[in-house]
Amino acid sequence: MKKSSTSTRNSDKQNDIIGSDLYDCSQTVSYKVKNRIWIIVFSVLAVLCLGAWLFISNISSPSKIVEIYQNGSLVEKIDLNSVTNEREITLSGEHGTNIILISNGHIKMKSADCPDKLCVKHGELKNSYSPIVCLPNKVVIKFENSSDGVDAKAGAVR
Amino acid sequence: MTINAYGSKSENAVKAAQNEINELDKLLSVQNKDSEIYKLNYKKSMTVSKDTHSLITRSKELYTLTDGAFDISCEPVSREWGFYSGLENKVPSKEAIENALEGVGADHIKTEDNTVTLDENTSLDLGAVAKGYASQKATEILKENGVTSALMSLGGNVRAVGTKPDGELWSVAVADPNDTSKSIGTLKISDKAVVTSGSYQRYFEENGQIYHHIIDTKTGYPANSGLKSVTVVSDDDTLADALSTALFVKGLEKSKELYSKNSLLFGAVFITDDNKIYVTDNLNDSFISTQSYEVIDK
Ligand SMILES: [Zn+2]
């Protein structure tokens, strides 16, 4: 959010500069006004696009390297962005099997024999804060941690 | 506040825990005009809820344990320093501090069956212990609801319930007091509360001098004990919260004495003004850092 507000300020400045350039041309007043309106319209659009882009890139910025654990040990490590063909991984545990579906950029628990099915209801893995967990079958699907796998920080008051 | 809990009943459990935390905040906040503490500070004597009563009683015990370094009657002094919303931070006059100190001390607080009575010049601020109490109650609720794996973060206080879903220990970073976006090390824990008190958390500047919010009620001034932060690890959230303040006020040497007598109750990580790290020996196996640190023996 902070980022997009800074960019708004920058393009306001740019707008002023273009505006004063126009003023130097000896053209009719209405033409100048029309031009100014178009410049404003375009710069507003540009700011909106930039804002949207920053917003989207912020959301999808965590690395796409995903780790699958069973019983606490790493089963497979996958870069979701390099997946070309959709595939399934089947893991069997105490309560039957879990079928994990992997496609380009996406991973989810397709089906599971566990009693609660929470892992399936979780849907796709979206962020590093909520891993896909199948507690009965001890399966965890999570993004690879970039910050040494820290789960929380004590003392940092927001 | 964030609560991440795992397991089939976790959704309802988290809701119940969040409700409890919100209720306790309403009850114990010194700033909220509808809170019991606010009313008690105004009326000086009243019947209070079970939670308020037990937390005040516990706070008096912790006052004794810490030789007064933890003191919930600090409100008049903190008020003079302007550490409440709506007030302006300022260095009070000597007279103002002396006056404010008149009602300070646990002996000015009397607890009977359901009532609490304060002396005329006494007011309470449970801010140094309320978050700990809230996370303790929330932990109980999560466990009662069958949650075996959860991590809570309550304004800088961290609470781990059980281990991670995969059975691994939780990693809780200790904030670097010089730059809280960094950390000085990580604690590997399960079923523990981790609470940090640091001078960096709230402070103001006047005439080039920094004044932080952790008041030493023996002097009425911000504690100047040579520490930048203290992180306490304990099974007991309320104790961890109170001790993080108390050890900060006491300083390293006096904290060592308290630790040698109570090493079964808590562990701690200290960061001194000259950026040295000290870790109690009961945390030796759980503390991981790339920086060098000294171990405090029992
Ligand atoms: Zn499952």
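Computed from a predicted structure; not experimentally measured.

Each value, and the rule that gives it
Residues numbered from 1 in each chain as written. Chains lettered and ligands numbered in written order. Predicted model: local features only at pLDDT ≥ 70, side-chain atom pairs only at ≥ 80, totals over all residues. Heavy atoms only, no water. 1 Å grid on protein atoms, 1.4 Å probe; cavity = no way out; pocket = protein on both sides within 12 Å on 5 of 7 lines; lining within 4 Å. Points joined across faces, edges and corners; volume = space filled by probe spheres on them. Helix = DSSP H or I, 4+ residues; strand = E, 2+ residues; numbered from the N terminus. Nonpolar A, V, L, I, M, F, W, Y, C, P; charged D, E, K, R; others polar. Contact = heavy atoms within 4.5 Å. Buried area = accessible area lost by both parts, 1.4 Å probe. Salt bridge = Lys/Arg side-chain N within 4 Å of Asp/Glu carboxyl O. Polar contact = N/O pair within 3.5 Å; in protein donor to acceptor, adjacent residues only side chain to side chain. Pairing = 2+ DSSP bridges. Buried < 20%, exposed > 50% of the residue type's maximum accessible area, 1.4 Å probe, protein only. pLDDT = per-residue confidence, 0-100.

The subject of this paragraph is the layout of surface pockets. Residue and element names in this part refer to chain B. Roughly 1,100 Å³ of volume is contained in the second largest pocket. What lines the second largest pocket is a set of 40 residues, among which Asp125, Gly127, Ala128, Lys131 and Arg202 lie closest to the centre. For the lining of the second largest pocket, the secondary structure elements donating two or more residues are helix H1 (10-28), helix H6 (130-144), strand E9 (193-198) and helix H7 (237-250). For the lining of the second largest pocket, the class distribution of residues is 20 nonpolar, 14 polar and six charged.

At the interface, 17 residues of chain A touch 27 residues of chain B. Both sides together, the interface formed by chain A and chain B hides about 1,800 Å², and carbon and sulfur atoms give 60% of it. In terms of surface lost to chain B, no three residues of chain A exceed Asp151(A), Lys153(A) and Ala154(A), which account for 31% of the buried area on that side. A salt bridge links Asp151(A) to Lys164(B), with the shortest nitrogen-to-oxygen separation between them at 3.4 Å. Our count for the contact surface shared by chain A and chain B stands at 12 residue pairs in polar contact (both at pLDDT 80 or more). Looking at the side of chain A that touches chain B, the element that brings in the most residues is strand E8 (residues 152-154) of chain A, giving three residues. Residues that form the side of chain A that touches chain B fall into these classes: 11 nonpolar, three polar and three charged. Bridge count between E8(A) and strand E7 (residues 170-176) of chain B: three bridges; the pairing is parallel.

So, about the pairing of strand E6 (residues 157-162) of chain B. Residue and element names in this part refer to chain B. Extensive coverage of E6 is indicated by the burial of six of its six residues. Pairing between strand E5 (residues 149-154) and E6: six bridges, direction antiparallel. Counterpart to Met152 in the pairing with E6 is Arg159. Here E5 folds back onto E6, and the loop between the two strands holds two residues, one of which, Gly155, carries a positive phi near 50 degrees. Direction of pairing for E6 relative to E9: antiparallel, over a ladder of two bridges.

Our next topic: the confidence of the model for chain B. Across chain B, pLDDT averages 95, with 100% of residues at or above 70. Model confidence for the complex is summarised by a pTM of 0.72, with the ipTM given as 0.90.

All names here are of chain B. Note on placement: Thr139 falls in helix H6. Each C-alpha atom, one on Thr139 and one on Met152, is 8.6 Å from the other, the two residues being 13 residues apart in sequence. Leave out the neighbours within four places in its chain, and Thr139 touches Met152, Arg159, Val161 and Asp237.

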